[in-house]
Amino acid sequence: MIDRLLDLGVIATHSDSSTWMQGNSLPVVLSLMLQKMPNLRDQYQATAINLLRHGDAVRQSSELSAAIEPDLDMICTALLHKDLNSLSQALATNSRMGLTADQVRPQKSFRELLMRWPAGLKYILEMQPGFLSSAKVDALFTAVRENLWKLFDTLGHYQATELVKILLESGCRLTEENLAFLFRCLPLASNMPSKTIHTILQHIKSWRGKLREALQAYLPVDSEEHTILSRSEVLQLEASQVVSRLRTIGLDPFEMFGLQQSDYRLYLPSEGYDSIFHIVDTPAQAQMAYDLGFRGIDFSHKSAPLSILVNPSNGHCEWLIGHGADYTRKLEWKFEELGQGPSTTEPPQYLVIHWILHDLSAWGIGLSSALVTSMAQSPWASNFTQSNCYDGCSVSAT
């Protein structure tokens, strides 16, 4: 249809094609338009096209290549064509000229092409470890997070998981915020999220193992601190204790391992959560962590995993209780989350089960049969409706 319209003399403008570039019609429509109207080629820049999504279309179309490739330097061109020989030559040339990744042009296309071809990214990291600075690797990991849906849609589950693994192994800064986002959004972005999540959890486990080995290597065998190592197969709450102990003897694990301070691989910040079970978002993710040896299901300084469930209706609540979470414990009132509180200098405590009921009420849903059974069979069940908890949930008044 578009071919016929162009043959009849219909004029397509640069703004028309910019609209087409936003959708899946780019490979056919834009290539055809540039073939019919070659004078438009000079109006295109590589940054106008998302090369993560449309890189294959550009590579396979002589018209698109002619329009886009003049904007790309040698490294970007090699990445576009997924050509290891050309990439090796381009890296060697850049090395002789003393150039770094900051000089690769254009930077937007560079990030998109690195994400599009994980093997090329891995080759760069292995052949020239200093070419991509830690800040550049961190920025690339942020770009993965921002393009998560597009990434899995374009690369497929296996390649997208490989990209995440490469970035983790290259030392990108791993924060609680990034972890929480990935665990929450991966099930939405992929129909097979388990492999990616398992890769992330296994990576954290591996690093906690390195932290354990550091303590074993630098402290006497009969040291009391070695009792820390017997509490869990994977260090969680104990990780911060190990870091603190090593620092008292002049060793900073972050400097030893070349990680940024408070990286989640080794440490759980005091203002943050206490265990991976504060971050995982579904029963399947929690079970995966449990199978890998993570424990500390009820660890807390400020809140228990049971008290911060995003959606207590998805079975996660039952999973936590079934694996030892104590719903009878009391935690400090969260004024900012409830939006109100009694006028007292000493904040009262709330019962975890009341917090769960408060969340269920907010979601407009009822208790599942498994949770009801668990509550009813508990000798503590008669206390569920006590009103002296000051937690503000409706059940306390019934």
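Predicted model only: the values in this text are computed from it and were never measured. Starting from 1, residues in each chain are numbered consecutively following that chain's sequence as written. Local features in this predicted model are restricted to residues whose pLDDT is 70 or higher, and side-chain atom pairs enter the listing and the counts only when it is 80 or higher, whereas totals over whole chains, interfaces and linings include all residues. Computation of side-chain values: all heavy atoms of the structure, hydrogens and water removed.

Novice: Just to check I follow, could you spell out empty space enclosed by the protein for this structure?
Specialist: Summary: where empty space remains is shown by rolling a probe the size of a single water molecule over the atoms. Grid points spaced at 1 Å over the protein atoms alone were grouped into cavities, where a 1.4 Å probe fits but cannot get out, and pockets, open sets with protein on both sides within 12 Å along at least five of seven lines, with lining residues defined by an atom within 4 Å of a point. Grid points are joined across faces, edges and corners, and a volume is the space filled by probe spheres set on the points. Applying the stated criterion across every chain, the model contains one cavity of 30 Å³ or more. In this structure, the largest cavity encloses a volume near 40 Å³. Contributing to the lining of the largest cavity are F110, R111, L114, L132, K136, A139 and L140. Strands are runs of DSSP state E lasting at least two residues, helices are runs of H or I lasting at least four, and both sets are numbered from the N terminus onward. Where the lining of the largest cavity is concerned, the elements lending two or more residues are α8 (107-116) and α10 (134-146). Classification used: nonpolar for Ala, Val, Leu, Ile, Met, Phe, Trp, Tyr, Cys and Pro, charged for Asp, Glu, Lys and Arg, polar for all others including Gly. Of the residues in the lining of the largest cavity, the class split is five nonpolar, no polar and two charged.

Novice: When you look at the packing of helix α11 (residues 148-155) against helix α12 (residues 157-169) in this model, what are you seeing that I'm missing?
Specialist: Here α11 crosses α12 at 130°, and the two axes come no closer than 6 Å. Relative to α12, α11 is oriented oblique. Viewed along their axes, α11 and α12 form a crossing whose handedness is right-handed. Only H157, Q159, A160 and L163 of α12 make contact with α11, whose side of the interface consists of L151, F152 and L155. Tallied by class, residues from the contact of α11 with α12 come to five nonpolar, two polar and no charged. Where helices are involved, their axes are fitted lines through C-alpha atoms of the stretch in contact, as for all axes, and angles between N-to-C directions lie from 0 to 180°. Geometric relationships in this document are graded by angle, where less than 35 degrees denotes roughly parallel, more than 145 denotes roughly antiparallel, 65 to 115 denotes roughly perpendicular, and other angles denote oblique. By convention the crossing between two helices is left-handed if the near helix lies anticlockwise of the far one by an angle smaller than a right angle, and right-handed if it lies clockwise. Here a residue-residue contact requires only that any non-hydrogen atoms of the pair lie within 4.5 Å.

Novice: Which parts of the structure should I look at to understand the pattern of salt bridges?
Specialist: Any two side chains of opposite charge can pair, so long as their charged atoms come close to each other. A side-chain nitrogen of Lys or Arg and a carboxyl oxygen of Asp or Glu constitute a salt bridge if their distance falls within 4 Å. In total, this model carries eight salt bridges according to the counting rule given. Across the pair R59 and D56 runs a salt bridge, and its minimum N-O distance is 3.5 Å. Of this pair, R59 and D56 both sit in helix α4 (residues 51-60), separated by three residues, roughly a single helical turn. We call a residue buried when its accessible area falls under 20% of the maximum for its residue type, exposed when it is over 50%, and partly exposed in between, using a 1.4 Å probe and counting protein chains only. Exposure remark for R59: the relative accessible area of 31% places this residue in the partly exposed category. Judged by relative accessible area, D56 falls into the partly exposed class, the value being 34%. Between D252 and R247 there is a salt bridge; the shortest N-O distance is 3.8 Å. Taken together, the shared-partner salt bridges connect D56, R59 and R116 into one network.

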